[in-house]
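Report on the structure
Listed below, chain by chain, are the residues.
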Amino acid sequence: MKKGWIFSGLILFSLFIFTVSAFATNGTQMIGYGSKAVGMGGADLAIANDATAINANPATLTGLKSEIDFDFTAFGPQVHHTDAASDTDGKNPYFYMPLLAYVSGGSPLAWGVGVFPQGGMGVDYKDKVKNAMGQTDSLYTNLSYMRIVPAVAYQVNDQFSLGLGLQLGYSTFDMEYTPKAGMEFKNATSSAYGLRVGTLYKVNEQVSLGAIYNTKQSFEYDGDFKYNNPAIPMSASGKSKFKDFSWPSEIGIGISYKPSDGLTLGLDVSQLQWSDAVNKPYLAPDISGFTTIPFTMEWENQTVIALGGAYKLNDSLTGRIGYNYGKSPVPDKNLNPLFPAIQESHLTLGIGYEGGGPMTIDGYFAYASESKQSSAAGGNTEKMSQTTLGIQVGYKF
């Protein structure tokens, strides 16, 4: 009965999260999932934090008891765009991202399922820029991606565990490029599928090693396309696809070290294979007389380093600190104001409370200082900084 209630809740929650915008900081990917992991800078490949491990390293599930976790994040990006005709801040509201995960822990077999906002990106310069005709116009994107992830883990022996997660993804995408004298692509959706494989090796009571591999997930968006060129004049509308855009494959390794009962340290190094995922996507309008519209992006592979620590301050409180760095995958020659995934450094702080009962409460604050990048030709400059707050409530069965 209890598990039936949990599954019903996850299904309803997944329907809700489809409408929620998700944003990210390593390219388009979030630096971590859940308040405990993000509080440690996203260093969680060798650490069994809670049910959010489903989306980090599923092999660590064998080190958990049964629990359910709900996390709520408020993400605040601050963006600025400069070109020859415009110098403006974006509209910078907070975006709200919930997460829900359940794990039936234990050994040798553990399993779980979760709904995760995986990441995304976007800018909102509506009525804030000038188009080629000198009119006040808009630049706007909103890309979000969520996953439902069922996962299973098996403890082979006292030291070694294997895990596998099936990723059932759904993405939404809207784009406006000076629509008064350009084009827009709206109400676009796509599904995607992938796998995440994880291993965990317990060297001894102090040291554990984790590793993961995630497959690439390919999108093919279907949406509504409009084109307008007042200089001719000409306008057209119809259906279109947006093709050859993917979520990258990922490979990562992590180590955790517990020098004492109250202190846990973690270090992860991973690579996101953007060069095979975001290269030369294009719009393919299903309109007579229209050819494809290319978006040459040619993003570069990104190595991400996540470093963090958790220290038990007393019987009830745990403090966390972390740092996450990944060089911008966007090359200067293809810097596009619609896709400014340029954020690099992130400092995180977290706190957790566990009073001895089944409930836990954790929270974090993350700050990403301003990143600035200019196109090689000098046509535009993009700036971005971020502040993020999160709170998580867990219940152990």
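Our subject is the structure listed above.
Fair warning: this is a prediction, and the values are worked out from it, not measured in the lab. (Residues numbered from 1 in each chain as written. Predicted model: local features only at pLDDT ≥ 70, side-chain atom pairs only at ≥ 80, totals over all residues. Heavy atoms only, no water.)

1. Considerations on the overall build of the chain
Looking only at helices and strands, one finds two helices and 19 strands in the chain. For 397 residues, the compact-globule formula gives about 21 Å, and the C-alpha radius of gyration of the chain, at 22 Å, lands near that figure. Referenced to the eigenvectors of the C-alpha coordinate spread, the extents of the chain come out at roughly 70 × 40 × 30 Å. Every one of the 397 residues in the chain was classed for burial, and the buried ones make up 55%. In the chain, of all internal contacts separated by at least 6 residues, the share reaching a separation of at least 24 is 68%. In the form shown here, the chain has an accessible surface area of approximately 16,600 Å², with 58% of it arising from carbon and sulfur atoms. Both charge centroids of the chain, one from 27 positive and one from 34 negative side chains, sit 2 Å from each other. (Helix = DSSP H or I, 4+ residues; strand = E, 2+ residues; numbered from the N terminus. Rg over C-alpha atoms; globule rule 2.2 N^0.38 Å. Buried < 20%, exposed > 50% of the residue type's maximum accessible area, 1.4 Å probe, protein only. Contact = heavy atoms within 4.5 Å. Areas by Shrake-Rupley, 256 points an atom, 1.4 Å probe, with all protein chains shown as cover. Lys, Arg positive; Asp, Glu negative; His and termini not counted. Charge placed at Lys NZ, Arg CZ, Asp CG, Glu CD.)

2. Brief notes about the layout of surface pockets
Of the pockets and cavities examined, the largest pocket occupies roughly 1,100 Å³. Forming the boundary of the largest pocket are 43 residues, of which I47, A48, N49, K258 and T264 lie nearest the centre. By residue class, the composition of the lining of the largest pocket is 13 nonpolar, 17 polar and 13 charged. In this structure, the second largest pocket occupies an estimated 200 Å³ of space. As for the second largest pocket, its lining consists of 13 residues, of which D83, K130, L139, Y177 and T178 are closest to the centre. Those elements that place two or more of their residues in the lining of the second largest pocket are β1 (67-83) and β4 (109-130). For the lining of the second largest pocket, a count of residues per class yields seven nonpolar, four polar and two charged. (1 Å grid on protein atoms, 1.4 Å probe; cavity = no way out; pocket = protein on both sides within 12 Å on 5 of 7 lines; lining within 4 Å. Points joined across faces, edges and corners; volume = space filled by probe spheres on them. Nonpolar A, V, L, I, M, F, W, Y, C, P; charged D, E, K, R; others polar.)

3. Topic: the packing of aromatic side chains
All told, the structure shown has 22 aromatic pairs when counted by the stated rule. Plain terms: the ring middles of F185 and F242 are 6.3 Å apart, the flat faces sit at 45° to each other, and that makes the pair tilted. With F185 in strand β7 (residues 183-202) and F242 in strand β10 (residues 234-247), the pair connects residues that are 57 residues apart, well separated along the chain. Their ring planes at 85° and their centres at 6.4 Å tell us that F295 and F339 sit as a pair that is edge-to-face. Taken together, the residues F295 in the loop between β14 (293-294) and β15 (302-312) and F339 in the loop between β16 (317-326) and β17 (345-354) connect sequence positions 44 residues apart. For F339, a relative accessible area of 3% translates into the label buried. Aromatic rings pair up to connect Y145, F173, F185, F219, Y221, F242, F245, W247, W274, F295, W299 and F339 into one cluster. Lying across the ring of Y140, K126 places its NZ or CZ 4.4 Å from the centre. (Phe/Tyr/Trp six-rings, centres within 6.5 Å; stacked < 30°, edge-to-face > 60°. Lys NZ or Arg CZ within 6 Å of the ring centre and 35° of its normal.)

4. Description of the environment of S240
By secondary structure assignment, the location of S240 is in strand β10. Through-space distance from the C-alpha of S240 to that of Y125 is 23 Å; in sequence the pair is 115 residues apart. If near-sequence neighbours (up to four positions away) are discounted, S240 is found in contact with F185, Y221, D222, G223, F225, L283, A284, P285 and D286. Looking at S240, its side chain comes within polar contact range of the main-chain oxygen of A284, at 3.3 Å. (Polar contact = N/O pair within 3.5 Å; in protein donor to acceptor, adjacent residues only side chain to side chain.)

5. Some remarks on the pattern of salt bridges
Throughout the structure, instances matching the rule amount to 13 salt bridges. Between R320 and D362 there is a salt bridge, and its shortest N-O distance comes to 2.9 Å. Within this pair, whereas R320 is found in strand β16, its partner D362 is found in strand β18 (residues 359-374), the two being separated by 42 residues in sequence. The pair R320 / D362 is uniform in exposure class, with both members buried. The closest approach of N and O atoms between E354 and K396, which form a salt bridge, is 3.4 Å. You can see E354 sitting in strand β17 and its partner K396 sitting in strand β19 (residues 380-396), a full 42 residues away along the chain. A residue is classified by how much of its surface remains accessible, and E354, at 33% relative accessible area, is partly exposed. Accessibility expressed as a relative area gives 29% for K396, which makes it partly exposed. (Salt bridge = Lys/Arg side-chain N within 4 Å of Asp/Glu carboxyl O.)

6. Here's the deal with the pairing of strand β8 (residues 207-214)
Sheet topology places β7 next to β8; seven bridges connect them, and they run antiparallel. Residue pairing in the sheet places T199 in a bridge with A211 of β8. Between β7 and the antiparallel strand that follows it, β8, lie four residues. Bridging between β8 and strand β11 (residues 250-260) involves eight bridges; their strand directions are antiparallel. Bridge assignment links I212 to a residue of β11, and that residue is G252. (Pairing = 2+ DSSP bridges.)

7. Examining unusual backbone geometry
Cis geometry marks the peptide bond from S107 to P108, where omega comes out at 5°. By the element assignment, P108 lies in the loop between β3 (95-104) and β4. With omega at -10°, the peptide bond leading from I232 into P233 counts as cis. With respect to the element layout, P233 can be found in the loop between β9 (217-229) and β10. A positive phi angle, close to 60°, is found at D127, a residue other than glycine. Summarising the element assignment, D127 is placed in strand β4. Of note in the backbone geometry, N187 takes a positive phi value of approximately 55° without being a glycine. Positionally, N187 belongs in strand β7. Of the residues examined, N187 reaches a relative accessible area of 55% and is grouped as exposed.

Interpretation note: all reported values are geometric properties and have no functional meaning in isolation.
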